[in-house]
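Residue-level structural notes
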Amino acid sequence: MSPARPTPVFPYKLVATDLDGTLLRPDDTVSERTREALAAATAAGAAHIVVTGRSVAWTRHVLDDLGYEGIAVCGQGAQVYHAGEHRLLTSLTMDRRLAGLAVDKIEAETGPLLLAAVRDGLDGEVLIGPGYRVQEGPLVGVPCTDRAELWAAPISKVYLQHATLGDDELAAAALRIAGDLVGVVMAGPGVVELLPLGLSKATGLSLAARRLGTKGAETIAFGDMPNDIPMFGWAGHGVAMANAHRELKAVADELTTSNAEDGIAVVLERLLTG
């Protein structure tokens, strides 16, 4: 009878993964190799937590498909969600007066903005203002012709687009003009967001980690966009995907292969065998 193999030793207690551009491949699936690597890490004693800019309503179907039953951080840190119980544990909303004021200040310098907003809650609707370019996804946006309707009920974030400014230019302008009122992040192509001031993936992840009994120094984090920078600052080790934005690569502790090439699995497999 051959001796039992020893359980792999994994150096982190928490594996935090962004979703789009990181855990998800370009076709919005998770590879079998990455699933197996995450399963091996959890078998070795680590917890896996999804940390995404998507609101819960836009994340639930992905988590259900993964069979994910743990805690997820959604909405750039605004929502801590228990996937197994389909329940919001925490939810932070924007001050709508400040959000409207921030939009007014930005427009005074940049000209008209194209807007969308995400309503709070498990089923938070995405209100789509005139001209806003909606990306493909599982949620159908609700057309909103009256801008005042954006502020009519609690919201978790505001999306910005501009007719001529690129994502980096728009995010930089919004931060310079209204950064004392709201948080500003660039979360993906065509996705510039206004958030409650001080909110980030790091704040949401720290709340979730406390529930799991883990700390930043015990965490390895994977991401691809500037909105992952605070998470990298909080975690003990930050890994940027090959397809990551240059700003995230600049602060990463390590670079891995792209989300299309199992970049998460490449790192986890090395750690599990090292």
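Before reading on, note that the structure itself is shown above.
Now for a quick tour of the structure. On a predicted model such as this, the values are computed, not experimentally measured, just so you know.

Analysis parameters
In this numbering scheme, every chain counts its residues from 1 along its sequence in written order. Side-chain atom pairs in this predicted model are given and counted only at pLDDT of 80 or more, local residue features only at pLDDT of at least 70, and totals for whole chains, interfaces and linings cover all residues. Only hydrogens and water are set aside; all other atoms, that is, all heavy atoms of the structure, feed into the side-chain values. For each residue, the accessible area found with a 1.4 Å probe, counting protein chains only, is set against the maximum for its type, and the residue is called buried under 20%, exposed over 50%, and partly exposed in between. Secondary structure elements follow DSSP: runs of H or I no shorter than four residues count as helices, runs of E no shorter than two count as strands, and numbering proceeds from the N terminus. Criterion used throughout: strands pair if DSSP finds at least two bridges between them. By convention a crossover is right-handed if, when the strands point away from the viewer, the path from the first strand over the helix to the second runs clockwise. Here, a salt bridge means any Lys or Arg side-chain nitrogen found within 4 Å of an Asp or Glu carboxyl oxygen. Here the nonpolar core consists of buried residues drawn from Ala, Val, Leu, Ile, Met, Phe, Trp, Tyr and Cys, with membership extended through side-chain atoms lying within 4.5 Å. In what follows, a contact means two residues having at least one pair of non-hydrogen atoms within 4.5 Å. Multiplying one less than the number of residues by 1.5 Å gives the expected span of a helix. The arc in question is formed by the directions pointing from the helix axis toward the C-beta atoms. Whenever a helix is involved, its axis is fitted only over the stretch in contact; in every case the axis is a line through C-alpha atoms, and angles between N-to-C directions fall within 0 to 180 degrees.

Once that is clear, we can look at the pairing of strand 3 (residues 71-74). Neither face of strand 3 is exposed, since I71 and V73 on one face and A72 and C74 on the opposite face are all buried. Here two bridges tie strand 2 (residues 47-51) to strand 3, and the two strands are oriented parallel to one another. In the strand pairing of strand 3, V51 is matched with V73. At this point the chain moves from strand 2, through helix 3 (residues 60-66), to the parallel strand 3, and the crossover so formed is right-handed. As judged from the four bridges shared by strand 3 and strand 4 (residues 79-82), these two strands associate in the antiparallel manner. Paired with A72 across the strands is Y81, a residue of strand 4. Two successive antiparallel strands, strand 3 and strand 4, enclose a turn made up of four residues, where G75 displays a positive phi of approximately 60 degrees.

Our focus in this paragraph is the pattern of salt bridges. Going through the model one piece at a time under the given rule, you end up with 14 salt bridges. A salt bridge links R60 to D123, with the shortest nitrogen-to-oxygen separation between them at 2.6 Å. Taken together, the positions of R60 in helix 3 and D123 in the loop between strand 6 (113-119) and strand 7 (126-128) put the pair 63 residues apart, joining distant regions of the chain. By relative accessible area, R60 is classed as partly exposed at 22%. By relative accessible area, D123 is classed as exposed at 58%. Residue R176 is joined to E109 by a salt bridge in which the shortest nitrogen-to-oxygen separation is 3.2 Å. Remark: E109 occurs in helix 4 (residues 96-110) and R176 occurs in helix 5 (residues 167-178); sequence separation between them is 67 residues. Of the two residues examined, R176 and E109, each falls in the exposed class. In the salt-bridge network here, residues are joined through shared partners; they are D18, K201 and D228.

Let us look at the nonpolar core. Among the nonpolar cores identified, the biggest contains 49 residues, and F10, V15, I49, I220, F222 and L268 are the most heavily contacted of them. Ranked by residues supplied to this core, first place goes to helix 9 (residues 263-273) with six residues. Excluding residues within four positions of it along the chain, F10 makes contact with V15, A41, A44, A46, L268, L271 and L272. Core analysis: the second largest hydrophobic core is formed by 28 residues, V103, C144, V192 and M225 among them.

Next up on the list: helix 5. Taking 1.5 Å as the rise per residue, helix 5 with 12 residues should run 16 Å; its terminal C-alpha atoms sit 16 Å apart, in good agreement. Restricting attention to buried positions, one finds in helix 5 the residues L170, A171, A173, A174, I177 and A178. Each buried residue of helix 5 lies within a common arc of 165 degrees when the element is viewed along its axis, so the set occupies one face. In this structure, the buried side of helix 5 is in contact with helix 4, strand 6, strand 9 (155-162), strand 10 (182-188) and strand 11 (191-196).

Strand order in this open sheet of eight strands is 5-4-3-2-1-12-13-14, and the pairing throughout is mixed. The open sheet has two edge strands, strand 5 (87-91) and strand 14 (254-255), and neither has a second partner. When strand 1 (residues 14-17) meets strand 2, the two strands line up parallel, connected through four bridges. Directly across from L14, in strand 2, lies its bridge partner A47. Here helix 9 sits on the sheet and contacts strand 1, strand 12 (219-223), strand 13 (237-240) and strand 14; the angle it forms with strand 12, its principal contact strand, is near 155 degrees.

All right, on to the sheet that holds strand 7 then. One key point about sheets: their strands pair by backbone hydrogen bonds, in either a parallel or an antiparallel sense. Pairing within the open sheet is mixed, and its six strands lie in the order 8-7-6-9-11-10. Each edge of the sheet is formed by a strand with only one pairing partner; in this case those strands are strand 8 (142-143) and strand 10. Direction of pairing for strand 7 relative to strand 8: parallel, over a ladder of two bridges. If you follow L127 over to strand 8, its bridge partner there is V142. Together, strand 6, strand 9, strand 10 and strand 11 form the strand contacts of helix 4, whose direction differs from that of strand 6 by roughly 165 degrees. Docked against the sheet, helix 5 engages strand 6, strand 9, strand 10 and strand 11, running at close to 170 degrees with respect to strand 10.

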